[in-house]
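An overview of the molecular structure
Chain by chain, the residues:
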Amino acid sequence: MRPSVLVTRASFPDIVDRLRSAFDVTDNPGDDIWSQPSLIERLQGKTGAMTAGSDRIDATLLDACPQLKAVCNIGVGYNNIDVQACTARGVLVTNTPDVLTETTADFGFALMMAAARRMTESEHYLRAGEWVKTGRYDMFVGPDVHGSTLGILGMGRIGQAIARRGALGFGMRVIYHNRSRLAPGIESECRASYVDKDTLLRESDHLIIVVPYSESSHHAIGAAQLKQMKSTATLTNIARGGVVDDDALAVALQEGGIAAAGLDVFEGEPAIRPALLACRNVVLTPHIGSASVRTRRAMASLCVDNLLAALGEGPSAGAPPTPVNPQVLARRVATA
Ligand code: 8YV
């Protein structure tokens, strides 16, 4: 009997169709968001799942779906999945790194520039017909991006790609803070200097957050950290909701603690704090950092490759390209 798999979110039908050559596929063409009980129900009898950030895969779900062998997530981040619980039950987890690095760095840079140069705020003004009435020479002045200090919190692949854009394209001084310091060769290639977190907060003209979400990065930027920043600084979050304390950020934006923010991710998204919606000096986008056609297709394709291989199908059968918990594969080989 062919294995059955569940595809939880709609993406590119031609790419998802590749799964149909090997599996019985149940998908979600209407792109409904399923609650966890509904997800559990739909996963009954399924050996694999192609999941996204909106699906919570935890011990409760795994215990209710004992036949599940692979959870293949679209996205480099996988904080929606309890990887330890998966590993303990022999469930392979995969993600989609690398293919989105440059596209997401482009977007982070664009969001930072839009916040600094007040693009959303000034567009609202123009659309409201205010320009003809109240236009002034000094309207919407904001901080420069070129030649300023770019701070990066989290210096993985996307952080490094942002650093290169800042240093090489915009003549910025680039400083970063990360759990571990980069090798000297990578630091010099990115033209980025390692600093402690306090220095990063104090000296950045434009601070971009690219750190993965975990218990230890929860509210890494809260009221105390926002107070350390320059009142002329911008903050951009393209990492995950919850790394920044959105309530504290709304206060800082309203009170002039910082100049502006660019946010692509939110605590509790897709719901957005009303206090943030009320701020004029924030650019808000619906988690689209990786959303170029080519990259979203590449992510879906890598996810399909992972699912095929995880369940022993396709050209790399048994060796999914980007496993998160490869120890599950090693254990499968040892017990085969
Ligand atoms: C995804 C992301 O598009 O890769 C990630 O971790 O946040 C985005 O690139 C999003 O998670 C869609 O599932």
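Nothing here was measured: the structure is a model prediction, and the numbers come from that model.

The subject of this paragraph is the sheet that holds strand 8 (residues 192–194). Overall, parallel pairing links the seven strands, which are arranged 8-7-6-9-10-11-12 in an open sheet. Of all strands in the sheet, those with a lone pairing partner are strand 8 and strand 12 (282–284), marking the two edges. This sheet shows a mean twist of 20° between the axes of neighbouring strands, independent of strand direction. Strand direction decides the pairing type here: strand 9 (residues 206–209) and strand 10 (residues 234–237), joined by four bridges, are parallel. Counted as the bridge partner of I208 is T236 from strand 10.

As enumerated under the stated definition, the model contains three aromatic pairs in all. Ring geometry for F109 and F170: centres 4.8 Å apart, planes at 35°, overall tilted. Placement of F109 in helix 5 (residues 101–116) and of F170 in helix 8 (residues 157–170) is noted, with a sequence separation of 61 residues between them. Given the relative accessible area of 5%, F109 is considered buried. The class of F170 is partly exposed, set by a relative accessible area of 28%. Plain terms: the ring middles of Y125 and F140 are 5.0 Å apart, the flat faces sit at 75° to each other, and that makes the pair edge-to-face. Separated by 15 residues along the polypeptide, Y125 in helix 6 (residues 119–127) and F140 in the loop between helix 7 (131–134) and strand 6 (149–153) bring together distant segments of the chain. Residue Y125 is classed as buried on the basis of its relative accessible area of 16%.

A word on the side chain of D264. Tracing the chain through its elements places D264 in the loop between strand 11 (260–263) and helix 13 (274–277). With no salt bridge to any partner, buried D264 finds its closest opposite charge in R296, at an N-O distance of 6.7 Å.

The residues that UniProt annotates with the feature "domain: D-isomer specific 2-hydroxyacid dehydrogenase catalytic" (unreviewed entry) are residues 13–317. Between the end C-alpha atoms of residues 13–317 the distance is 22 Å, and the span holds 39% helix and 14% strand.

Another aspect to go through is the site of the ligand. The ligand sits among A52, G53, I74, G75, V76, G77, L100, R240, H287, S290, R296 and M299. Within the side chain of R296, one N or O atom sits 2.8 Å away from an oxygen atom of the ligand. Starting from 330 Å² of accessible surface for the ligand in isolation, the protein chains cover 84%. Residue classes in the shell around the ligand are distributed as five nonpolar, five polar and two charged.

In this section: the pairing of strand 1 (residues 4–7). The alternating pattern of strand 1 places S4 and L6 on one face and V5 and V7 on the opposite face, and all of these are buried. Pairing geometry for strand 1 and strand 2 (residues 24–26), over three bridges, is parallel. Bridge pairing in strand 2 links S4 to D24. For strand 1 and strand 3 (residues 48–51), the ladder comprises three bridges, and the chain directions are parallel. Following the sheet pairing, V7 is matched in strand 3 by M50.

Listed under "domain: D-isomer specific 2-hydroxyacid dehydrogenase NAD-binding" (unreviewed entry) in the UniProt record, and renumbered for this structure, are residues 109–289. Within residues 109–289, the helical portion is 38% and the strand portion 15%, while the C-alpha atoms at the span's ends are 10 Å from each other.

Quick notes on the rules
Residue numbers restart at each chain and count upward from 1, following the sequence in its written direction. Local features in this predicted model are restricted to residues of pLDDT 70 or higher, and side-chain atom pairs are both shown and tallied only at a pLDDT of 80 or more, whereas totals for entire chains, interfaces and linings draw on every residue. Side-chain numbers here rest on the full set of heavy atoms in the structure, without hydrogens or water. For two strands to count as paired, DSSP must find a minimum of two bridges between them. The numbering of helices and of strands both runs from the N terminus, where a helix is a DSSP run of H or I of at least 4 residues and a strand a run of E of at least 2. An axis is simply a line fitted to the C-alpha atoms; with a helix, the fit covers only the stretch in contact. Between two such axes, the angle follows the N-to-C directions and lies from 0 to 180 degrees. Working definition: rings of Phe, Tyr and Trp (its six-membered ring) pair if their centres are within 6.5 Å, and the pair is stacked with planes under 30 degrees apart, edge-to-face with planes over 60 apart, and tilted otherwise. Each residue is assigned to one of three classes by its accessible area relative to the maximum for its type, calculated with a 1.4 Å probe on protein chains only: buried under 20%, partly exposed between the two thresholds, exposed over 50%. By the counting scheme adopted, Arg and Lys are positive, Glu and Asp are negative, and His together with the chain ends is not counted. By definition here, a salt bridge exists when the distance from a side-chain nitrogen of Lys or Arg to a carboxyl oxygen of Asp or Glu is within 4 Å. UniProt positions are given in the numbering used here, feature names are shortened, and annotations may be inferred rather than shown by experiment. When at least one non-hydrogen atom of a residue lies within 4 Å of a molecule or strand, that residue is treated as near it. As used in this structure description, the phrase polar contact means that two N or O atoms lie within 3.5 Å; if the pair is within protein, one of them must be able to donate a hydrogen and the other to accept it, and residues adjacent in sequence are counted only when both atoms belong to side chains. In this description, accessible areas are obtained by the Shrake-Rupley approach with a 1.4 Å probe, and a residue is regarded as covered only by the protein chains that are shown. Residues are grouped as follows: nonpolar covers Ala, Val, Leu, Ile, Met, Phe, Trp, Tyr, Cys and Pro; charged covers Asp, Glu, Lys and Arg; every other residue, Gly included, is treated as polar.

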